[in-house]
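Chain residues, written in single-letter form:
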Amino acid sequence: MSTATVEPKKSEAKLSQLEQLKKFTVIVADTGDFESIKDFKPRDATTNPSLIYAATQKPQYDHLLQEVLTERKKSGLSGAAQVEDVIDHLLVQFGCEILKIVPGRVSTETDARLSFDVEGSINKGRQLIKLYEERKIPRERVLIKIASTWEGIKAGEQLEKEGINCNLTLMFSLPQAVRCAEAGIELISPFVGRIYDWYKAANKRDYTGAEDPGVQSVEEIYTYYKKFGHKTEVMGASFRNVGQIIELAGCDLLTISPDLLEKLSESYEPVERKLDPERAKKTDVQRLEMDEKKFRYLFNDNAMATEKLADGIRKFAADIVKLEKFVAGKF
C-alpha cells in the first residue's frame, strides 16, 4: 500500500485576499513602477503624470527618459512645443513598457489643463493613440484618461465614436457617471479615497466599512449602471485602506496602489462579494434624465464633488508642470 502524501488541490489551498478578489473583480495596478506590476499580476494598469514623474526619479527608469530625449531631439521643435512632444512620447514609452507586462490595457492621461477644452482634449487623445499605433500597439489596449468635467465627457464621447476608448477620471458624483454612460464612455474611475477624505474632514469623524461615503458613491454608480444596462465599466480608484477595497469586492474593476496590493496579498481573511449585477438589477432606482443644465446644477449642488474635482484638476495640472520643468531641465 502506497504511503505517498496527497497534495491538496489548488482550490483547497488558502487564497490571499488579492487572489480571492480576482475571482470576481478585475485588478488594476495604479503605478508607473514596472516591478510592482510584475509582482502582483494585474490585468490592467493606470498611470498619470504624478506616477510617471515619480518613476522618472528612479535610476532604473532613467534609460527610458534618455531614449525619448535622444529620439526627440531630431523633431525640429523647440521651447514649449518640444517639451510637450517629449512628454507625450514619454507617457507612451512608459505605457508600452507596461503593456509588455500586463495582458490587458493601460490608461494614459491627457493634460489636466485641457479639462475644460473639448477640442484640446480630443486632439491630445488622438495624438496619444497615434503614438501608440506607431509603436504597433492596437488602440483597444489603451484608455485615454480625461477629467469628468462636462467638457471632458463631451471630448470622450467624440473619441469613443472614433474607436478611441476613454477612462473618465476624477469622478465624485452620480451625475458625472450618468452623463458618461449616456456618452458611451468605456470606463469611469470614481475616486473612493478623495470622497472619504472630504467627509472625514468636513464632519470631523472617521468612516469604516459600508458607511464610508466613498464606498457608497461607487456602490450607487455601480447599482445604477447595472439596473439600466449601461455598458460603461466601473473602476473604483484612489483607495486609502484595504477596508474600502474589500467593501467593493465585485465591482467591475479596482485600481490599487502597490502598497495596498501588497497588504491584500499578505492577508488570508475571507473576502465576500459585495457588489453583484443581478442584485443591483432588482433595486428600486429612478432613472436620471441628464442634459447640460441639469448636469451643471446637480454637480454644483454637491459641495464635495465640486471641491474635489477642482482640487484634483489643480493637483494634476501642477504635476504636469513639474514634469515639464524636469524634462526642460534635461535639454
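Residues numbered from 1 in each chain as written. Predicted model: local features only at pLDDT ≥ 70, side-chain atom pairs only at ≥ 80, totals over all residues. Heavy atoms only, no water.

### With respect to the overall build of the protein chain
- Counting its regular elements, the protein chain contains 15 helices and eight strands.
- In terms of overall size, the protein chain behaves like a compact globule, its C-alpha atoms giving a radius of gyration of 21 Å where 331 residues would be expected to give roughly 20 Å.
- Each principal axis of the C-alpha distribution contributes one length, and for the protein chain these read about 75 × 65 × 40 Å.
- Each of the 331 residues in the protein chain was classed as buried or not, and the buried ones make up 54%.
- Of the contacts made within the protein chain by residues no fewer than 6 positions apart, 68% connect residues no fewer than 24 positions apart.
- Working note: accessible area of the protein chain is about 15,300 Å², and carbon and sulfur atoms make up 50% of it.
- Between the averaged position of the 50 positive side-chain charges in the protein chain and that of its 53 negative side-chain charges there is a distance of 1 Å. (Helix = DSSP H or I, 4+ residues; strand = E, 2+ residues; numbered from the N terminus. Rg over C-alpha atoms; globule rule 2.2 N^0.38 Å. Buried < 20%, exposed > 50% of the residue type's maximum accessible area, 1.4 Å probe, protein only. Contact = heavy atoms within 4.5 Å. Areas by Shrake-Rupley, 256 points an atom, 1.4 Å probe, with all protein chains shown as cover. Lys, Arg positive; Asp, Glu negative; His and termini not counted. Charge placed at Lys NZ, Arg CZ, Asp CG, Glu CD.)

### A closer look at the environment of Lys161
- Mapped onto the elements, Lys161 comes out in helix α7 (residues 150–161).
- Linking Lys161 and Thr108, residues 53 residues apart in sequence, is a C-alpha distance of 18 Å.

### Remarks on the packing of helix α6 (residues 118–134) against α7
- Contact pair α6 / α7: the axes reach a minimum separation of 8 Å and the direction vectors enclose 45 degrees. Comparing the axis directions of α6 and α7 gives the class oblique. As α6 runs across α7, the sense of the crossing is right-handed. Counted together, Val118, Ser121, Ile122, Gly125 and Arg126 of α6 and Glu151, Lys154, Ala155, Gln158 and Leu159 of α7 form the full contact between these two elements.
- Classifying every residue of the contact of α6 with α7 gives four nonpolar, three polar and three charged. (Axes fitted to C-alpha atoms, helices over the stretch in contact; angles between N-to-C directions. Parallel < 35°, antiparallel > 145°, perpendicular 65-115°, else oblique. Left-handed = near helix turned anticlockwise from the far one by under 90°. Nonpolar A, V, L, I, M, F, W, Y, C, P; charged D, E, K, R; others polar.)

### Some remarks on the layout of surface pockets
- Approximately 350 Å³ is the volume found for the largest pocket.
- Asp30, Asn48, Leu51, Arg194 and Ser238 are the residues nearest the centre of the largest pocket, which is lined by 23 residues in total.
- Secondary structure elements with two or more residues in the lining of the largest pocket: α3 (49–56), β5 (166–171), β8 (253–256) and α12 (258–266).
- When the residues that make up the lining of the largest pocket are grouped by side-chain class, the tally is nine nonpolar, 10 polar and four charged.
- What the second largest pocket holds in volume is close to 160 Å³.
- If you trace the second largest pocket, you find it lined by Phe116, Ser148, Thr149, Trp150, Glu151, Phe295, Arg296, Phe299, Thr306, Leu309 and Ala310.
- Of all the elements in the fold, those that place two or more residues in the lining of the second largest pocket are α7, α14 (292–300) and α15 (303–328). (1 Å grid on protein atoms, 1.4 Å probe; cavity = no way out; pocket = protein on both sides within 12 Å on 5 of 7 lines; lining within 4 Å. Points joined across faces, edges and corners; volume = space filled by probe spheres on them.)

### Notes on the nonpolar core
- One finds Ile188, Tyr225 and Ile256 to be the most contacted residues of the largest nonpolar core, which totals 82 residues.
- The residues contacting Ile256, other than those within four sequence positions of it, are Ile27, Val28, Ala29, Asp30, Phe239, Ile245, Leu261 and Leu264.
- Counting 14 residues, the second-largest nonpolar core is a separate cluster that includes Ala112, Ala147, Met304 and Ala305. (Core = buried A, V, L, I, M, F, W, Y, C linked by side-chain atoms within 4.5 Å.)

### Re unusual backbone geometry
- We note that Lys41 has phi near 50 degrees; this positive angle belongs to a residue other than glycine.
- Structurally, Lys41 is set in the loop between α2 (34–40) and β2 (44–46).
- On the basis of relative accessibility, which here comes to 63%, the residue Lys41 falls in the exposed class.
- At Ser238, a position not held by glycine, the phi torsion is positive, near 60 degrees.
- Position of Ser238 among the secondary structure elements: in the loop between β7 (233–236) and α11 (242–247).
- Given the relative accessible area of 12%, Ser238 is considered buried.

### Details of α12
- Taken residue by residue, α12 has Leu260, Leu261 and Leu264 as its buried positions. Buried residues of α12, seen end-on, are gathered within an arc of 105 degrees and therefore sit on one face of the element.
- Elements in contact with the buried residues of α12: α1 (17–21), β1 (26–30), α2, α11 and β8. (Arc of directions from axis to C-beta.)

### Quick notes on α15
- In a regular helix each residue adds 1.5 Å, so 26 residues correspond to 38 Å; α15 covers 37 Å between its end C-alpha atoms and thus fits that length.
- Measuring from the backbone nitrogen of Met304 back to the side-chain oxygen at the start of α15 gives 3.2 Å, which picks out Asn302 as the cap. (Expected span 1.5 Å × (residues − 1). Polar contact = N/O pair within 3.5 Å; in protein donor to acceptor, adjacent residues only side chain to side chain.)

### Regarding the environment of Pro270
- If you trace the backbone, Pro270 turns up in the loop between α12 and α13 (277–281).
- A relative accessible area of 66% means that Pro270 is categorised as exposed.
- Measuring from C-alpha to C-alpha, the distance between Pro270 and Gln17 comes to 6.7 Å, with 253 residues separating the pair along the chain.
- When sequence neighbours within four positions are dropped, the list of residues in contact with Pro270 reads Gln17 and Gln20.

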